[in-house]
Structures are given as structure tokens and as C-alpha cells.
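Each chain, letter by letter, is given below.
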Amino acid sequence: TGVPVLYVNEVHTQEIVGLEPEESAALLKQLTDRFLRNEHQMCWQWRDNDIAVWDNRQVQHYAVANEAGPRHVERIMVTGTPSLSLADAQAMEAAE
């Protein structure tokens, strides 16, 4: 869609550059607590022949082990615009 997103991952995001460690930790907790709220989640009810596709750059994904029966999973990665770090974004701004 081209809409900018803020990528925060509870496991992989370590800090917010430019903030003091305590401020960074508090903001990261606030953000991760927010995406764990029910109104920001969807739960897929699997049926035969279903296919689910999502963009890992814009959503949080975790599998819940509550499915009955076997499931076949394949991961694909689509080529696209990579995620940018703060340094990447600043370098692009400086080049403009």
C-alpha cells in the first residue's frame, strides 16, 4: 500500500536509537503490549485447502498450537522493498 509502518518485534527489537535505555524499554513495552490486545489480532480458523498469506514486515505472527490434525506449511518470501533502519532512512533523506 505504501503506507509507512513502524516495525517492532518483541523478540528481535532491542532498543530505540536516540532514547535513554529506560525510555526505550518503556516505549517498546507499550508498543508490544498494544499489539497483543485482542482488537489488533485475528485468529485464523483453518479449513481444508485454506491458504493464508501475510507480510512479515507489517504484522506480528505467531502460531498457536491449538489445531486438531496435521497441517502442511510452506514459507515463501516475495521480493520487495526491504525494511529500513534509522541509519538507512537518514542516509536517504540526506541524499535528497
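This report concerns the structure included in the present document. (Residues numbered from 1 in each chain as written. Predicted model: local features only at pLDDT ≥ 70, side-chain atom pairs only at ≥ 80, totals over all residues. Heavy atoms only, no water.)

Along the chain, Asn9 turns up in the segment before helix 1 (21-35). For Asn9, a relative accessible area of 14% puts it in the buried group. For Asn9, the side chain forms a polar contact with the main-chain nitrogen of Val11, separated by 2.8 Å. (Helix = DSSP H or I, 4+ residues; strand = E, 2+ residues; numbered from the N terminus. Buried < 20%, exposed > 50% of the residue type's maximum accessible area, 1.4 Å probe, protein only. Polar contact = N/O pair within 3.5 Å; in protein donor to acceptor, adjacent residues only side chain to side chain.)

We now examine the side chain of Thr32. Secondary-structure assignment places Thr32 in helix 1. Polar side-chain contacts of Thr32 include one of 3.2 Å to the backbone oxygen of Lys29. With sequence-adjacent residues up to four places away left out, Thr32 is seen in contact with Val8 and Glu10. (Contact = heavy atoms within 4.5 Å.)

Moving on, we come to the pattern of salt bridges. Pairs can form between side chains of opposite charge whenever their charged atoms are close. Inspection of the entire model under this criterion finds two salt bridges. In this structure, Lys29 engages Asp33 in a salt bridge whose closest nitrogen and oxygen atoms are separated by 2.8 Å. Of this pair, Lys29 and Asp33 are both found in helix 1, four residues apart, which corresponds to roughly one turn of the helix. Classification of Asp33 as partly exposed rests on a relative accessible area of 35%. Across the pair Glu39 and Arg37 runs a salt bridge, and its minimum N-O distance is 2.4 Å. (Salt bridge = Lys/Arg side-chain N within 4 Å of Asp/Glu carboxyl O.)

This brings us to helix 1. Each α-helix winds once per 3.6 residues, and so residues spaced three or four apart point in a common direction. With 15 residues, helix 1 extends 21 Å from end C-alpha to end C-alpha; this agrees with the ideal 21 Å at 1.5 Å per step. Burial in helix 1 covers these residues: Ser24, Leu28, Thr32 and Phe35. Buried residues of helix 1, seen end-on, are gathered within an arc of 60° and therefore sit on one face of the element. Along helix 1, exposed side chains directed more than 90 degrees from the buried face belong to Glu22, Lys29 and Gln30. (Expected span 1.5 Å × (residues − 1). Arc of directions from axis to C-beta.)

With that out of the way, let us pick up a nonpolar patch on the surface. Nonpolar side chains collect at one region of the surface, where Leu36, Tyr62 and Val64 lie side by side and expose about 290 Å² of accessible area between them. Take Tyr62: its relative accessible area is 53%, and that puts it in the exposed class. (Patch = residues over 30% accessible without salt bridge, like charges linked within 9 Å, V, L, I, M, F, W, Y side chains within 5 Å. Areas by Shrake-Rupley, 256 points an atom, 1.4 Å probe, with all protein chains shown as cover.)

Right, let's talk about the environment of Ala52 for a bit. Within the fold, Ala52 resides in the loop between helix 1 and helix 2 (86-95). Along the sequence, Ala52 and Val73 sit 21 residues apart, while their C-alpha atoms lie 9.8 Å from each other. In contact with Ala52, other than residues within four places in its own chain, are Trp44 and Trp46.

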